[in-house]
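# Fold and geometry: a report
Chain residues, written in single-letter form:
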Amino acid sequence: MVPDSPQPAAPRWHAVEVPSAPGRAAPSPVPAILVALTGILLSVVLGLTVSAQVGSLTIAATLAVAGAWRATSPTGPAGLAIRSRGLDVFLCWSAATGISVLALTAPGI
């Protein structure tokens, strides 16, 4: 017969308490999600109705707005602030530049 073993301790991450500042709520990710969703839906509609080039440029504009928002917001929009500020801005703006260049130079769209 095997004696009962003691219950294992709760994992360390379960014991971590998140301190919250009194009177300050965590920023909501809803505005960032709405901006991104609006840009994507607008680009799909414009891509289907006007041209693929306009839809691609709208995606690039959405990325540029996200990068500018991340660059100028003191805490960063919740949902967009994932990595360091510099890396987030670089990734958004470089993707916007790349998509813009491809949209403007691709033949036949």
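Note that the structure is a prediction, hence the values are computed from the model and not measured. (Residues numbered from 1 in each chain as written. Predicted model: local features only at pLDDT ≥ 70, side-chain atom pairs only at ≥ 80, totals over all residues. Heavy atoms only, no water.)

## Things to note about the environment of Asp88
- With respect to the helices and strands, Asp88 occurs in helix α3 (residues 85-105).
- Judged by relative accessible area, which is 2%, Asp88 ranks as buried.
- The spacing of Asp88 and Ala68 is 20 residues in sequence and 9.9 Å in space, taken between C-alpha atoms. (Helix = DSSP H or I, 4+ residues; strand = E, 2+ residues; numbered from the N terminus. Buried < 20%, exposed > 50% of the residue type's maximum accessible area, 1.4 Å probe, protein only.)

## Details of the packing of helix α1 (residues 30-49) against helix α2 (residues 52-72)
- The interhelical angle for the contact between α1 and α2, taken along N-to-C directions, is 165°, at an axis separation of 7 Å. The angle between α1 and α2 falls in the class roughly antiparallel. Remark: the crossing between α1 and α2 carries right-handed chirality. Where α1 approaches α2, its residues Pro31, Ala32, Val35, Ala36, Gly39, Ile40, Leu42, Ser43, Leu46 and Gly47 are matched on the opposing element by Ala52, Val54, Gly55, Thr58, Ile59, Thr62, Val65 and Trp69.
- In terms of residue class, the contact of α1 with α2 is built from 12 nonpolar, 6 polar and no charged. (Axes fitted to C-alpha atoms, helices over the stretch in contact; angles between N-to-C directions. Parallel < 35°, antiparallel > 145°, perpendicular 65-115°, else oblique. Left-handed = near helix turned anticlockwise from the far one by under 90°. Contact = heavy atoms within 4.5 Å. Nonpolar A, V, L, I, M, F, W, Y, C, P; charged D, E, K, R; others polar.)

## So, the side chain of Ser43
- Locating Ser43 in the fold gives a position in helix α1.
- A distance of 2.7 Å separates a polar side-chain atom of Ser43 from the backbone oxygen of Ile40.
- Those residues in contact with Ser43 that sit more than four places away from it in its chain are Gly55, Thr58 and Ile59. (Polar contact = N/O pair within 3.5 Å; in protein donor to acceptor, adjacent residues only side chain to side chain.)

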